[in-house]
Amino acid sequence: MEAVRPSLVFIGFMAAGKTKAARAAGEHLGLDALDADAALEEALGMPIAAFFEREGEAEFRRREAEIVVDLLSRAAGAPVALGGGSVLSAAVADAVERHVVVWLDVSTDEAWERIDGTSRPLARDRGEFDRLHAERAPRYEELADAIVPGRRDAVRAALPALTALREAPAGTRMLWASSASGDYPVFIGNGLLGRFDPPAAGRGFCVTDAQVGAIYLERLGAEAAVSVGQGESAKTLTEAERVLGELAAAGMRRDDHVLALGGGVVGDLAGFCASVYQRGVPVVQLPTSLVAQVDSAHGGKTGVDIAAAKNYVGAYHQPAAVVADLDTLTTLPAEELAAGFVEVVKTGLLAGGNLWESVRGLGALSAEAVAPLVLPCARYKLAVVAADERDAGLRMALNLGHTVGHAIEAASGYSRYRHGEAVGLGLLAALRMSGADGLRAEVSEILSGHGLPTALEPGLSTPQVLDALDRDKKRTERGVEFVLLERPGEPRVGQLVDRASVEAAVEELRAAG
Ligand SMILES: NC(=O)c1ccc[n+]([C@@H]2O[C@H](COP(=O)([O-])OP(=O)(O)OC[C@H]3O[C@@H](n4cnc5c(N)ncnc54)[C@H](O)[C@@H]3O)[C@@H](O)[C@H]2O)c1
């Protein structure tokens, strides 16, 4: 049994809803919530604004830290709402460490809309408001054990998962994923499999493959397990039918759930089976490969391949929860870790900023080195899915490098390249088509530095790849649309590219081989 961390402590920017969240958590737990600002006003004997004006910020922060540290030491399980600036104090940051810190994340626009027209002093100056928001966000992020959107419905829905997080192994972090068709928690940490059960209804029926099952299945205590074939060739309707039959034979009911233990193949296949078994049962994704932890386990796309194309049959089926145990990456074969790293590079390119800096600065590839990148990559993907679950616009950005990548996989019969390796080549083609020559050179160096291919094998011709591109399932009436990117953090979706440029970008990959 893990040591239970005593309280949920809500932090975040002005108007993020901290007081209301703490109250909702109090109701959930049957305890009275504590409010740091209220405690502060009582101790100061006057409104915060008045003390601030009379004594100045330095004195205010000193008293605030004293009072908040005392409050946190007394919070025996009761949820606490902290003032927006209190976590800037080192003493407060130390004091929150033994609790579960929940960052209620709101954008400046959302926060401004909530305070605009109120009497709050900062409601007068949008520029100063935005500056403070940008300054504090990294501090909230650094302290957060859980990141939840600052919306009342999200907070209420997240409470069972936040409560469970108190018992998770130390260092476990949680993201709350929102999308049009469902919300769910994503837990990321070390030593989670077998030591932490996310809230999920009924009994767990595991779907896994032989390699992953041999190492991790025993820990789960699943009701029954179905083993699927290894690799992409297992993602078929025939295999799905077999899995469904075995789940039925094992007695799985509608109020039970599927545990998808493995890489992206198991996640896609098991998620698909869960979406159709008795018209839909919950699936808990337990991703064990880097591809699955940063990408495929999140966002609800499930499916199988048919002869016509990869992922041609499937369903959107959001998981009930995702539990990414970072320790599983230590048993992942080195080539799979490298292939998964391509999705990390892709996410770094899309997100730009600190994530891109971490990706480009990564030294030797190892489970330990990539582990800190899993959460920011997952968080980026979840933000995109939250804005556009069904690929209508922004989500298409996640296909950066995938259009040519998929064509390379298809043209080579899905056997010569791992998915990630093909996407790496696709990234190089996309950057060439974007005219981002310097960035292409840098990405090429990153890929080859980690032992990934940067050129097509001689057996594969440019017309073969272009033919496969013409059959792309995402092709629209307008033609094949690409995601282009001139600078990290600035993807452009839905871009048509003239045939000669596409051909030149693919030919360049071939010529390099
Ligand atoms: N649904 C989505 O949004 C989405 C996104 C990206 C990729 N995908 C799909 O994901 C699949 C690729 O996923 P993948 O790269 O994880 O491949 P995979 O599932 O085939 O796993 C790769 C190999 O690593 C092994 N493995 C996985 N975890 C291990 C561990 N911890 N220890 C030892 N061995 C381990 C597996 O047994 C397998 O042999 C593709 O089918 C792709 O289409 C889906």
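Residues numbered from 1 in each chain as written. Predicted model: local features only at pLDDT ≥ 70, side-chain atom pairs only at ≥ 80, totals over all residues. Heavy atoms only, no water.

(A) The arrangement of the overall build of the chain in detail. Looking only at helices and strands, one finds 20 helices and 16 strands in the chain. In summary, the chain has a C-alpha radius of gyration of 24 Å against a globular reference of 24 Å for 513 residues, a match within 12%. The C-alpha extent of the chain, read off along each of the three principal axes, is 80 × 55 × 40 Å. Counting across all 513 residues of the chain, residues that qualify as buried make up 55%. (Helix = DSSP H or I, 4+ residues; strand = E, 2+ residues; numbered from the N terminus. Rg over C-alpha atoms; globule rule 2.2 N^0.38 Å. Buried < 20%, exposed > 50% of the residue type's maximum accessible area, 1.4 Å probe, protein only.)

(B) Fine view of the side chain of Lys 346. Position of Lys 346 relative to the elements: it lies in helix H13 (residues 334–351). For Lys 346, a relative accessible area of 2% translates into the label buried. Within polar-contact distance, the side chain of Lys 346 engages the side chain of Glu 343 at 3.3 Å. In this structure Lys 346 touches Asp 295, Leu 398, Leu 400, His 402 and Leu 427, once residues within four positions along its chain are discounted. (Polar contact = N/O pair within 3.5 Å; in protein donor to acceptor, adjacent residues only side chain to side chain. Contact = heavy atoms within 4.5 Å.)

(C) Representation of the pattern of salt bridges in the model. Overall, the coordinates contain 44 salt bridges when judged by the stated rule. A salt bridge links Asp 295 to Lys 346; the shortest N-O distance between them is 3.6 Å. Linking Asp 295 in helix H12 (residues 290–296) with Lys 346 in helix H13, this pair joins segments that are 51 residues apart in sequence. Note on accessibility: Asp 295 and Lys 346 belong to one class, buried. Among the ionic pairs, Glu 490 bridges to Arg 487, the shortest N-O distance being 3.3 Å. Since its relative accessible area comes to 41%, Glu 490 is described here as partly exposed. Shared partners join several salt bridges into a network, and the residues in it are Glu 232, Lys 235, Asp 268, Asp 305, Lys 310 and Glu 409. (Salt bridge = Lys/Arg side-chain N within 4 Å of Asp/Glu carboxyl O.)

(D) Quick look at the layout of surface pockets. In this structure, the second largest pocket occupies an estimated 1,200 Å³ of space. Counting only elements with at least two residues in the lining of the second largest pocket, the list comes to helix H1 (18–29), helix H2 (36–44), helix H3 (48–55), helix H4 (57–74), helix H7 (126–143) and helix H8 (152–165). Per element, the largest residue contribution to the lining of the second largest pocket is six residues, and it comes from H1. Among the residues making up the lining of the second largest pocket, the classes are represented as 18 nonpolar, six polar and 18 charged. (1 Å grid on protein atoms, 1.4 Å probe; cavity = no way out; pocket = protein on both sides within 12 Å on 5 of 7 lines; lining within 4 Å. Points joined across faces, edges and corners; volume = space filled by probe spheres on them. Nonpolar A, V, L, I, M, F, W, Y, C, P; charged D, E, K, R; others polar.)

(E) Representation of the site of the ligand. Neighbouring the ligand are 27 residues, the closest being Asp 209, Gln 230, Glu 232, Gly 264 and Ser 289. A distance of 2.6 Å separates an oxygen atom of the ligand from a polar atom in the side chain of Asp 209. When the free accessible area of the ligand is taken as 860 Å², the share hidden by the protein chains comes to 91%. When contributions to the shell around the ligand are tallied by element, the ones reaching two or more residues are helix H9 (210–220), helix H11 (264–276), H12 and strand E13 (309–316). In the shell around the ligand, the residues fall into six nonpolar, twelve polar and nine charged. (Near = heavy atom within 4 Å. Areas by Shrake-Rupley, 256 points an atom, 1.4 Å probe, with all protein chains shown as cover.)

(F) Geometry of the sheet that holds strand E2 (residues 34–35). Overall, mixed pairing links the twelve strands, which are arranged E2-E3-E1-E4-E5-E6-E7-E14-E11-E10-E8-E9 in an open sheet. Strands with a single pairing partner mark the edges of an open sheet, and in this sheet they are E2 and strand E9 (224–228). Sheet topology note: the strand E11 (residues 283–287)/strand E14 (residues 321–325) ladder contains two bridges and is parallel. What sits directly across from Val 284, in E14, is Ala 321. Across the sheet, H1 lies against strand E1 (8–12), E2, strand E3 (80–81) and strand E4 (100–105), angled at about 165 degrees from E1, the strand it touches most. Across the sheet, H7 is in contact with E1, E4 and strand E6 (173–177); its angle to E4 comes to roughly 145 degrees. (Pairing = 2+ DSSP bridges. Axes fitted to C-alpha atoms, helices over the stretch in contact; angles between N-to-C directions.)

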